[in-house]
Amino acid sequence: AQTVTQSQPEMSVQEAETVTLSCTYDTSESNYYLFWYKQPPSRQMILVIRQEAYKQQNATENRFSVNFQKAAKSFSLKISDSQLGDTAMYFCAFMPYSGGGADGLTFGKGTHLIIQP
Amino acid sequence: DVKVTQSSRYLVKRTGEKVFLECVQDMDHENMFWYRQDPGLGLRLIYFSYDVKMKEKGDIPEGYSVSREKKERFSLILESASTNQTSMYLCASSSTLQPQHFGDGTRLSIL
């Protein structure tokens, strides 16, 4: 079994600032995916970014990037030039290769990010 | 674009009632999931299915059952609703080794 820990229940930053959300995980799997999902007040869970564990290069998607440290089992999300629309709950999630993803994701408890104008 | 549709956005039921939550996906995904979301607890997996008529228990299956008679539809059933099942319920679907796509959620209140 795996666990995912998000140690920051809530964070607040000013618009245009850079913010980093933390995520650590524990697993005995060697091959896996890691995800960051965003859940705005509208409730729709949206995939922000994903990282394959076998790739050493950190994933980036526009203003969103990750710092993936496999040995430390750390997977933080950096949001650059934050915008009001980034206000949301952010969830870190883990998926092992074994099972092909058929047996679900393991989620952290989430970080509520507030972008202040 | 993948569409996962949950039948109700809000639902109010009484204790002891049998409750059905329906989920339909339009992308021919083999995998479907039901999660429960509670403040401070994140998302917890209730049941999942990797094929028609196949179902597996997740982390918190007690008090719930599921049905998957067609590939596109995955139903969550509360056999006898209780107040501790008041929660947000999220359905998701995926294909092999791909990210999950989520519905908008059903906020269920049991009175």
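Our structure's up above, just so we're on the same page.
These numbers were taken from a predicted model, which means no experiment stands behind them. (Residues numbered from 1 in each chain as written. Chains lettered and ligands numbered in written order. Predicted model: local features only at pLDDT ≥ 70, side-chain atom pairs only at ≥ 80, totals over all residues. Heavy atoms only, no water.)

Caption draft 1: Representation of the overall build of chain A in the model. Secondary structure assignment for chain A yields zero helices and twelve strands. Sequence-ordered secondary structure for chain A, helices as α and strands as β, is β-β-β-β-β-β-β-β-β-β-β-β. The C-alpha atoms of chain A give 14 Å as radius of gyration, which agrees with the globular expectation for 117 residues (13 Å, within 12%). With respect to the three principal axes, the spread of C-alpha positions in chain A is 45 × 30 × 20 Å. For chain A, the proportion of its 117 residues judged to be buried stands at 50%. In chain A, of all internal contacts separated by at least 6 residues, the share reaching a separation of at least 24 is 57%. Treating the 9 positive side-chain charges of chain A as one cloud and the 10 negative ones as another, the clouds have centres 4 Å apart. (Helix = DSSP H or I, 4+ residues; strand = E, 2+ residues; numbered from the N terminus. Rg over C-alpha atoms; globule rule 2.2 N^0.38 Å. Buried < 20%, exposed > 50% of the residue type's maximum accessible area, 1.4 Å probe, protein only. Contact = heavy atoms within 4.5 Å. Lys, Arg positive; Asp, Glu negative; His and termini not counted. Charge placed at Lys NZ, Arg CZ, Asp CG, Glu CD.)

Caption draft 2: Seen up close, the state of the cysteines. Residues and elements named next belong to chain A. The final tally for this structure, using the stated rule, is two disulfides over all chains. Bridging C23 to C92, the disulfide has an S-S length of 2.0 Å. The chirality of the disulfide connecting C23 with C92 is left-handed, given an S-S dihedral of about -70 degrees. In this pair, C23 is assigned in the loop between β3 (19–21) and β4 (24–26) and C92 in strand β10 (residues 88–96), connecting sequence segments 69 residues apart. (Disulfide = S-S within 2.5 Å.)

Caption draft 3: Broad picture of the interface of chain A and chain B. Chain A puts 22 residues into the contact, and the matching count from chain B is 28 residues. Between chain A and chain B the total buried area reaches about 2000 Å² when both faces are included, carbon and sulfur atoms providing 53% of it. Linking chain A with chain B are zero salt bridges, by the criterion used here. Seen at the junction of chain A and chain B, the total is nine residue pairs in polar contact (both at pLDDT 80 or more). Among the elements of the structure, β5 (32–39), β6 (46–52) and β10 of chain A are those that each provide at least two residues to the side of chain A that touches chain B. With four residues, the single largest contributor to the side of chain A that touches chain B is β5(A). Here the side of chain A that touches chain B is composed, by residue class, of eleven nonpolar, seven polar and four charged. (Buried area = accessible area lost by both parts, 1.4 Å probe. Salt bridge = Lys/Arg side-chain N within 4 Å of Asp/Glu carboxyl O. Polar contact = N/O pair within 3.5 Å; in protein donor to acceptor, adjacent residues only side chain to side chain. Nonpolar A, V, L, I, M, F, W, Y, C, P; charged D, E, K, R; others polar.)

Purely spatial values, then, with no claim about function.
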